[in-house]
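Examination of the molecular architecture
Spelled out from the first residue to the last, the chains are:
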Amino acid sequence: MNDLDFTTIYKKYSPGIYRVCLGYVNDPMQAQDLLQETFINVWKSISSFRQESALSTWIFRIATNVCLRHIEKSKRIVFTELPFQVEDIREQHSDNKIKLLYQCISSLEESERLIISLVLEDLPQAAIAEIIGLNVGNIRVKIHRIKDKLSKKIKAHGQFE
């Protein structure tokens, strides 16, 4: 794969992968790091891509694996508060409704965050099922339940009424 092809792939898929990562960590800087790690893995593995699934499915699967590994690692790390206040310069997502949505998504279980993030990227349910490893019927039910949970969480904040 030459640089042009990889650049094209990156430009096409990086916005969606970023949003999936953001759905996992609800932190723009961490999401950017996970995006970078995902595409490093894509770069390293692209020559072994067997085209048994769509390229998008393969890339999203890599991203979900990167996010899941990150979550596992972060569970083992002890965090402490800094003794001083750091200015928050990450106001890229200033729209309050989008912030609330990602906040609600981040409060879901890991598998639910993954599924709804892929739904938000307009992936077909069959592709989501392949990425997650469940059948399409199960995915359809899970999506419905997740949307219901999110709707209740958002209404609890008095939004979108």
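Because the structure is a prediction, the values reported are computed rather than measured.

About the criteria used
- Residues numbered from 1 in each chain as written.
- Predicted model: local features only at pLDDT ≥ 70, side-chain atom pairs only at ≥ 80, totals over all residues.
- Heavy atoms only, no water.
- Helix = DSSP H or I, 4+ residues; strand = E, 2+ residues; numbered from the N terminus.
- Buried < 20%, exposed > 50% of the residue type's maximum accessible area, 1.4 Å probe, protein only.
- Areas by Shrake-Rupley, 256 points an atom, 1.4 Å probe, with all protein chains shown as cover.
- Axes fitted to C-alpha atoms, helices over the stretch in contact; angles between N-to-C directions.
- Parallel < 35°, antiparallel > 145°, perpendicular 65-115°, else oblique.
- Contact = heavy atoms within 4.5 Å.
- Nonpolar A, V, L, I, M, F, W, Y, C, P; charged D, E, K, R; others polar.
- Phe/Tyr/Trp six-rings, centres within 6.5 Å; stacked < 30°, edge-to-face > 60°.
- Salt bridge = Lys/Arg side-chain N within 4 Å of Asp/Glu carboxyl O.
- Core = buried A, V, L, I, M, F, W, Y, C linked by side-chain atoms within 4.5 Å.

**Structural notes on the overall build of the protein**
The helix and strand tally for the protein stands at seven helices and zero strands. Going residue by residue from the N terminus, the α and β elements of the protein occur as α-α-α-α-α-α-α. Split into buried and exposed, the 161 residues of the protein put 37% on the buried side. By element, 51% of the accessible surface of the protein is carried by carbon and sulfur atoms, the whole surface being about 10300 Å².

**Observations concerning the packing of helix α6 (residues 125–132) against helix α7 (residues 136–156)**
Two quantities define a packed helix pair, namely the angle between the axes and the distance from one axis to the other. Contact geometry of α6 with α7 gives a least axis separation of 9 Å together with a crossing angle of 100°. Considering the angle they form, α6 stands roughly perpendicular to α7. For the pair formed by α6 and α7, the contact residues are Gln125, Ala126, Ile128, Ala129 and Ile132 on the first element and Val136, Ile139, Arg140 and Ile143 on the second. The residue makeup of the contact of α6 with α7, split by class, is seven nonpolar, one polar and one charged.

**So, α6**
For α6, the full list of buried residues reads Ala127, Ile128, Ala129 and Ile131. One or two residues past the end of α6 sits glycine 133, with phi positive at roughly 90°.

**Examining the packing of aromatic side chains**
If you walk through the whole model with that rule in mind, you get four aromatic pairs. Between phenylalanine 6 and phenylalanine 39 the ring centres are 6.2 Å apart and the planes differ by 75°, which places this aromatic pair in the edge-to-face class. Remark: phenylalanine 39 occurs in helix α2 (residues 28–45) and phenylalanine 6 occurs in helix α1 (residues 3–25); sequence separation between them is 33 residues. Both residues of the pair, phenylalanine 6 and phenylalanine 39, count as buried. A centroid spacing of 4.9 Å and a plane angle of 80° characterise the contact between phenylalanine 6 and tryptophan 43, whose relative ring orientation is edge-to-face. Of this pair, phenylalanine 6 sits in helix α1 while tryptophan 43 sits in helix α2, placing them 37 residues apart in sequence. Connected via pairs of aromatic rings, a cluster forms that spans Phe6, Tyr10, Phe39 and Trp43.

**Looking at the pattern of salt bridges**
For the structure shown, the criterion picks out four salt bridges. Glutamate 121 is the partner of arginine 19 in a salt bridge, and the nearest nitrogen-oxygen pair spans 2.7 Å. One end of the pair, arginine 19, is in helix α1; the other, glutamate 121, is in the loop between α5 (110–120) and α6, and 102 residues separate them in sequence. Judged by its relative accessible area of 35%, arginine 19 is partly exposed. Since its relative accessible area comes to 14%, glutamate 121 is described here as buried.

**Here's the deal with the packing of α5 against α7**
Axis separation between α5 and α7 bottoms out at 10 Å; the angle between their running directions is 95°. Classified by the interaxial angle, the pair formed by α5 and α7 is roughly perpendicular. On the side of α5, the interface is formed by Glu112, Ile115, Ile116 and Val119, while α7 contributes Ile139, Lys142, Ile143, Ile146, Lys147, Lys149 and Leu150. For the contact of α5 with α7, the class distribution of residues is seven nonpolar, no polar and four charged.

**A few points about the nonpolar core**
Membership of the largest hydrophobic core comes to 45 residues, with the highest contact counts inside it found for Ile17, Phe39, Val42, Ile59, Leu118 and Ile128. Where this core is concerned, the elements lending two or more residues are α1, α2, α3 (55–75), α4 (96–106), α5, α6 and α7. The element that contributes the greatest number of residues to this core is α1, accounting for ten residues. In contact with leucine 118, not counting residues within four places along its chain, are Val20, Phe60, Leu123, Ile128, Ile131 and Ile132.

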